[in-house]
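Below, each chain spelled out in residue letters.
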Amino acid sequence: IVCVLSGLPESIIAAACARSGQRVLHVDSRNYYGGNWASFSFSGLLSWIKENKQKTDTSDECEDWRKLILENEEVISLSKKDKTIQHVEEFCFGDQDSAEDVEEAGALPKLPVFGASGAEGVAQESEKECPPVKSALPEAESRELEKATGAEPASATEGNDAEVTSENESSHSTALGESTRELGKTEAAPSETSAQEPKKITYSQIVREGRRFNIDLVSKLLYSRGLLIDLLIKSNVSRYAEFKNATRILAFREGKVEQVPCSRADVFNSRQLTMVEKRMLMKFLTFCLDYEQHPDEYRDYENSTFSQFLSTRKLTPSLQHFILHSIAMVSETDCSTLEGLQATKKFLQCLGRYGNTPFLFPLYGQGEIPQCFCRLCAVFGGIYCLRHSVQCLVVDKESGRCKAIVDHFGQRISANYFIVEDSYLSESVCTNVCYRQISRAVLITDQSVLNTDSEQQVSILTVPPVDPGKPAVCVIELCSSTMTCMKDTYLVHLTCPSTKTAREDLEPVVQKLFDLNTEEETENEELGKPRVLWAVYFNMRDSSGIDKNSYDGLPSNVYVCSGPDSALGNDCAVKQAETIFQEMFPTEEFCPPPPNPEDIIYDEDEIAPEESGFTSLQETKPESSSEESSNRDSTAVKKEGNDE
């Protein structure tokens, strides 16, 4: 198997193939893992911005590679220019000149590290300044897992099948949050906006602390019962990552940011809702959990929008706003009633698994997830080559199948299957493909959009469109304990489907929520909106949902993966990876859990003592008992972990 580019779908496929015993070569012309799914330090992102503004073609290092092509073969040239990123605009709202001579603290020589985020290199430094992050698993659940495995859980999502099953069995009763006995508990209401002035952060400080940042090119969260979480648990890849709960869901209504009550306890402790509204909301959410059992309730509105359906349910305007934009998170004009009910049910089912909200965020950024699957692939023999571009696919004229690739060194590499990311395909192959675009903005701010007693909040906010027909904007705000930004700053991601350039789509929302004045202009103003310290806007290609038949002349054994889509979750990437894997290997299980080392049993006849590497250990062992000797003489011996 040859995989070209290391985005999330390609990494999942590579891991699944390596796990099933296939030989995998994973090449990427970039010098970092993840493609458009990657995460960067601040200096790394500045370099990425510079590269995408220049957009220079890469020159061929080997001009005579065509000599490798035989008479009965033809080539499909691959693109050497990445056209997935456009309209990149960067803005600094501080004194940029003062940072000219400032160097990144702890900067190391650029070595081929595993991933663009450099998470491993700064993990210990980050822990010194950032507060410790609690496991996303409940404390009791973590202890049980520790006892069962004899080790600390490495990930918020790690667990065994029993835990997952028990959660599923009780999902109906706990999907709205805590149990009924928790309803009596008093929950602190969100405090008023803090009057404490935020610390002044300069651009030179951001540059100096650049390694504290892990900035995602694509902004997503993980649904706690989504396909990606299930795959991370099943494949045991979750041990390579850590996660943090999204702590609150926000809404933007009448010019103000408000916290949305999600769980049962949140609803009944909310000061924003009247008692009548609380009953209305709970009744509707209970209906959504098993709406399939009550088709008479929505059958007449199947051809209506979800917004129109909500208006018939005796819900107040504020409740309709919360459900539409903060719970279902769907379009007011384009979403049907059934789609809205499905989205609401999915939200509710994800509540209570790991916290009060349905979402998890990976520490050090979304770019960690592709790297986790790359690690699994490498563990099972996958080979990785960064800064390794591919010139073309070699196709046999008679069979029509792809036989090999030719790389930029002029080497011919043969394989049975080829996985190519859409961005590598040339214009001649994509003449009939119609792409969508995603508008993205990344901001570094000095305070949260909604200040509370706790500064360490991970928030998601949906800003409804001002003009009809425009898309809503998803805002994800990350604090320093997510290991994505320096202390006393927040990293804010804005995403929506594109209608114009990213700046034209997103700047009106940024102006509503943030102060875009420079430091000097803000000094004389009263404390109010969070101040933007630095910002970048860009458009990213959305190649999801394109049928393979839309690509001209691709052989049957070449599979195309899409880049990131505009959805909040990662279901599209996981579905695509599983579909491609099953097409290649229909009889193989997709990403089965790897065996525990102590459970692997080898036949004595197959492993010679001198080949096992344990000779010196056996020679230095004390004399064993008769019972141990009889066990050693049996037909199977356990692996190193048990011998030691």
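Preceding this section is the structure that the text describes.
Below or above, wherever it landed, is the structure these notes cover. These figures come from a predicted structure and were not determined experimentally.

A closer look at the pairing of strand β17 (residues 436–445)
Most of β17 sits out of view: 8 of its 10 residues are buried. Judged from the 10 bridges that link them, β17 and strand β21 (residues 532–542) form a sheet pairing that is antiparallel. For threonine 445, the partnering residue across the bridge sits in β21 and is valine 532. In the sheet, β17 pairs with strand β20 (residues 490–497) via 8 bridges, with the strands oriented antiparallel. Looking at β20, one finds that leucine 443 is bridged to valine 492.

Structural notes on the side chain of glutamate 73
For glutamate 73, the location among the structural elements is in strand β4 (residues 73–77). For glutamate 73, a relative accessible area of 4% corresponds to the buried category. A polar atom in the side chain of glutamate 73 sits 2.6 Å from the side chain of arginine 412. Not counting the four nearest positions on each side in its chain, glutamate 73 is found in contact with Leu68, Val394, Val395, Lys397, Lys403 and Arg412.

Comments concerning unusual backbone geometry
Notably, tyrosine 364 is not glycine yet its phi reads approximately 75°, a positive angle. By the secondary structure assignment, tyrosine 364 is in the loop between β11 (359–362) and α14 (368–379). A relative accessible area of 10% means that tyrosine 364 is categorised as buried.

Some remarks on the pattern of salt bridges
On inspection of all chains with the given rule, the structure shows 20 salt bridges. Two residues, arginine 30 and aspartate 82, come together in a salt bridge whose shortest N-O distance is 2.8 Å. With arginine 30 in the loop between β2 (25–27) and β3 (39–40) and aspartate 82 in the loop between β4 and β5 (85–92), the pair connects residues that are 52 residues apart, well separated along the chain. Residue classification places arginine 30 among the buried positions, given a relative accessible area of 12%. Several salt bridges share partner residues, and in doing so they unite Glu73, Asp396, Lys403 and Arg412 into one network.

So, the nonpolar core
Membership of the largest hydrophobic core comes to 73 residues, with the highest contact counts inside it found for Phe42, Trp48, Phe284, Phe306, Phe359 and Trp534. Sorting elements by how many residues they give to this core places helix α10 (residues 275–289) first, with 7 residues. Lining this core are residues from two domains, each supplying at least three of them: domain 1 (2–82 + 364–434 + 544–584) and domain 2 (263–350). In this structure, phenylalanine 42 is in contact with Tyr203, Ile206, Val207, Gly210, Phe213, Ile215, Ile444 and Trp534, ignoring residues within four places of it in sequence. In terms of nonpolar packing, the next biggest core, distinct from the first, is built from 46 residues, Ala16, Ala18, Tyr354 and Cys591 among them.

Overview of the side chain of aspartate 407
Along the chain, aspartate 407 falls in strand β14 (residues 402–407). Despite its burial, aspartate 407 remains without a salt bridge, the nearest opposite charge being carried by arginine 412 at 11 Å. Among the polar contacts listed, one links the side chain of aspartate 407 to the backbone nitrogen of phenylalanine 409, at a separation of 3.0 Å. In this view, aspartate 407 contacts His388, Ser389, Val390, Gln391 and Ile413; residues no more than four positions away in its chain are not counted.

Details of the sheet that holds strand β15 (residues 412–414)
Read across the sheet, 4 strands follow the order β4-β13-β14-β15 without closing on themselves; strand pairing throughout is antiparallel. Across the chains shown, the open sheet's two edge strands, defined by having one partner strand only, are β4 and β15. Across this sheet, the average inter-strand angle for adjacent strands is 30°, counted without regard to direction. As paired elements, β14 and β15 share 3 bridges and run antiparallel to each other. Following the sheet pairing, isoleucine 405 is matched in β15 by isoleucine 413.

The rules behind these values
Residues numbered from 1 in each chain as written. Predicted model: local features only at pLDDT ≥ 70, side-chain atom pairs only at ≥ 80, totals over all residues. Heavy atoms only, no water. Buried < 20%, exposed > 50% of the residue type's maximum accessible area, 1.4 Å probe, protein only. Helix = DSSP H or I, 4+ residues; strand = E, 2+ residues; numbered from the N terminus. Pairing = 2+ DSSP bridges. Polar contact = N/O pair within 3.5 Å; in protein donor to acceptor, adjacent residues only side chain to side chain. Contact = heavy atoms within 4.5 Å. Salt bridge = Lys/Arg side-chain N within 4 Å of Asp/Glu carboxyl O. Core = buried A, V, L, I, M, F, W, Y, C linked by side-chain atoms within 4.5 Å. Domains from an automatic or database assignment. Lys, Arg positive; Asp, Glu negative; His and termini not counted. Axes fitted to C-alpha atoms, helices over the stretch in contact; angles between N-to-C directions.

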